[in-house]
Structure formats: structure tokens, C-alpha cells
Amino acid sequence: MSCITRAAGAVWRFVAGEDWRLAVGIAAAIGLVALLVGMSLNAWWALPVAVPVLLWISVSRAARQHGPPSPAGARATAESPHEP
Amino acid sequence: MSGAELALAVSVFLACAVEAVEALTIVLALGTTRGWSSSLAGTGAAVVALAALVAGLGPALTSLPLDVLRVIIGGLLLMFGLQWLRKAILRWAGVKEMHDELVEFREESEAARAHGRTGPGLDGYAFAVCFKGVLLEGLEVAFIVLSVGANQRHLGLAVAAAGLAVVVVVAAGAAARAPLARVPENTLKLLVGVMLTSFGMFWSGEGAGASWPGDEAALLAIIPGVLVCAWAMAARLRRALVAASDGATTVGPGTGAGDRQAADAAESERLVVPR
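Parameters and conventions
- Residues numbered from 1 in each chain as written.
- Chains lettered and ligands numbered in written order.
- Predicted model: local features only at pLDDT ≥ 70, side-chain atom pairs only at ≥ 80, totals over all residues.
- Heavy atoms only, no water.
- Helix = DSSP H or I, 4+ residues; strand = E, 2+ residues; numbered from the N terminus.
- Buried < 20%, exposed > 50% of the residue type's maximum accessible area, 1.4 Å probe, protein only.
- Contact = heavy atoms within 4.5 Å.
- Areas by Shrake-Rupley, 256 points an atom, 1.4 Å probe, with all protein chains shown as cover.
- Polar contact = N/O pair within 3.5 Å; in protein donor to acceptor, adjacent residues only side chain to side chain.
- 1 Å grid on protein atoms, 1.4 Å probe; cavity = no way out; pocket = protein on both sides within 12 Å on 5 of 7 lines; lining within 4 Å.
- Points joined across faces, edges and corners; volume = space filled by probe spheres on them.
- Nonpolar A, V, L, I, M, F, W, Y, C, P; charged D, E, K, R; others polar.
- Phe/Tyr/Trp six-rings, centres within 6.5 Å; stacked < 30°, edge-to-face > 60°.

Caption draft 1: Here's a closer look at the overall build of chain A. In terms of regular secondary structure, chain A is built from three helices and zero strands. Listing every helix and strand of chain A by position from the N terminus yields α-α-α. For chain A, buried positions account for 39% of its 84 residues. In chain A, the proportion of contacts linking residues at least 24 apart, taken out of those at least 6 apart, comes to 50%. Of the roughly 4,600 Å² of accessible surface on chain A, 71% is carried by carbon and sulfur atoms.

Caption draft 2: Focus on the side chain of Arg34 of chain B. Residues and elements named next belong to chain B. Along the chain, Arg34 turns up in helix α1 (residues 3-34). A distance of 2.8 Å separates a polar side-chain atom of Arg34 from the backbone oxygen of Ala112. Side chain to side chain, Arg34 and Asp123 meet in a polar contact 2.8 Å long.

Caption draft 3: Spatial organisation of the layout of surface pockets. All names here are of chain B. Size it by volume and the largest pocket reaches roughly 600 Å³. Lining of the largest pocket is provided by 25 residues; of these, Cys16, Val47, Leu50, Val134 and Val166 occupy positions nearest its centre. At the level of secondary structure, the elements contributing two or more residues to the lining of the largest pocket comprise α1, α2 (36-62), α5 (124-152) and α6 (155-176). If you tally residues by element for the lining of the largest pocket, the top one is α2, at seven residues. Class assignment of the residues belonging to the lining of the largest pocket gives a composition of 20 nonpolar, three polar and two charged.

Caption draft 4: Fine view of the packing of aromatic side chains. Counted under the stated rule, the structure contains four aromatic pairs over all chains. Aromatic pair Trp44 of chain A and Trp212 of chain B: ring centres 6.0 Å apart, planes at 50 degrees, arrangement tilted. Taken as a pair, Trp44 of chain A in the loop between α2 (20-38) and α3 (46-66) and Trp212 of chain B in the loop between α7 (185-207) and α8 (219-245) lie in two separate chains rather than in one. The exposure class of Trp212 of chain B is buried, given its relative accessible area of 6%. Ring pairing ties together the aromatic residues Trp44 of chain A together with Phe202 and Trp212 of chain B, which thus form one cluster.

Nothing here speaks to function; it is geometry throughout.
The structure is reproduced here in C-alpha cells:
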């Protein structure tokens, strides 16, 4: 059982990356598009609105957590195991 | 080949090239410090595992209905693309360190030297580090290859683009006999992030049932739009952070030569962003 839990956790971390809220937000935005299309509204515009907003929230939060820019060589944040 | 297919092939090529440069640094560090046979064995085992993953999942994915596939694949590409983009913005803004292959090579080599030898035969440490490094760097590319190939029904084209990138990087590494530190990795990562995000947005929207104005031509607006947004975010973030730090970005007098080199490399890529 713990093996399955660990594997599921690894898959989740692989997909969600360093900010799981961003991944959840994207999933919710795609769901919203499907919902609006189901209500006969061609909601192609929803993702171009949602994606920049979600990205800005994510990078702003990261900047707040890690503070002002450090000298370029300094290690500011921990890298994820599958760093892109 | 349509424009969209060409753009996808270029995206796969760039994504694979970036990851191959990072994997090459790990293999070079282990090969030069611990020996080549175990390092190359670990690399080969990881490549076989990645090829098996693509060969196993590729046909299964292409058998899915196109709309289902586009929602799943588009969503995954969007999440992967935003991870790349987020990291690139944070690096450009100065929140996160720029990736530097020389620093990575030095750290990996030091770790390899510090780890004791296990005796004759297969060097377990070199094998394991190379296997894990190549597998982790390659896993995301394998999913990008699968996603792009399955969605466009051109798995062969995606695999060929990825294979070409590996050949080019390995050939360049063999010629240079050093980490490919002059490749503008951080800029390439931003471009890959922009492409993956754009295609992910387009496909997931289509898969969810929306019709883009102009169909595939909408990508001609989406791609530059995402790039401009990323650029604006990095510039805005950097200005805000520089103002907050009140000049804390200057390199201090005690900085070592290696760090100064990393700082110079990082700064040269960062200059693209207006301050």
C-alpha cells in the first residue's frame, strides 16, 4: 500500500511541479471551459484569461517567499527532482 | 508538414536538447571522475527504459478518441509548459539562480570524488547516478514526445526530433569534451515553456469543446501573446524586487571566481529582459 502511495505521490509531484496550486488552477480552468461549452457558450477566451492570471499569482507568491534578487550565483530555491 | 507540425517538432527538439545538455553534464562529471564504462552503462540503461516507455505508451495513447486525448494531453502540456515558464520567469527576474552547467559539473564531480570506490567491476555509484540523472532529465521529454506525437498523430516525427536533439548534443559534447556551458539554456527553457503552454492551451481548449477563432491560425496570436506575458511578468517582478532590495543585486567583493563566472553568465542571459 505504501508503495502505491509513494508512486502516486511521485506522479503527482511530476505533474504538479513546484506549485501544486498552479496545476489545480489549470485543471479547474479547463473544467470551466467544458462547463461553459456545455451551456452553449464558446468559451475559447477562458484559458487565455485564466493562464496568465494563474501564472502571475504563482510567480508572485514564489517571489514573496524567496525575497529580493540575490547575487546571480547564489542558490535561492531548492530545485525539483525533474527540474525542467 | 504543416506549420503547426513544424512548430511542434521544433518544440520537441528544443526541449530534448535542453534536457540532453543537463544529462550530458551529469554523465561527463561521472565519466571523468569515476570511469566511463559504468557511467555509460547507467546512461544506456536509462535510455532503454525511456524508449520502452515511449514504445509502450505511444500506441495506447494514439488509440484514444481525439477529444479525450486533447483534454488530457493539452492539460498535461499546459502544466509542464507553465512549470518551465514559471521557472524561466523566476530566473530572469533574479528570484531563482540561473542554471549554470559549469557549476553543476563542478558540484557533481566533487560529489563523485567524495564517494568512496567500491572495488573492481561495475561502479554502482556511477551507474546509479547516471541512470537516475538521465532518466529524470529524460522523463519529461518522453512525456512531451508522447503528448505531441500522439496528439498530432505523428509520433515518428516527435521521436525523430528528440533523437536528432540527443545526437546533436552528444556530438557537441564529444567535440568540446566539456559541459556545454555556452548553450543559452535559460533562454531555450523560456522558449520551450512558451511553446508548450501555447499548444497546451490550444489543445485543452479544443478538447473541452471550445472552437478557437481561426482554428490553428489562433496559435499565431497565442504564442506571441504568451511570450509577451512572460516577458512582462519577468520585467515587472524584477523591477519590484530590485526596488525592494535597494541595490542588493550587486556582486559583493568576496565573491569567488566561479561564482563571478556564474554571475556573468547569468547576467548575460538576463540582459534580454528590460529592467
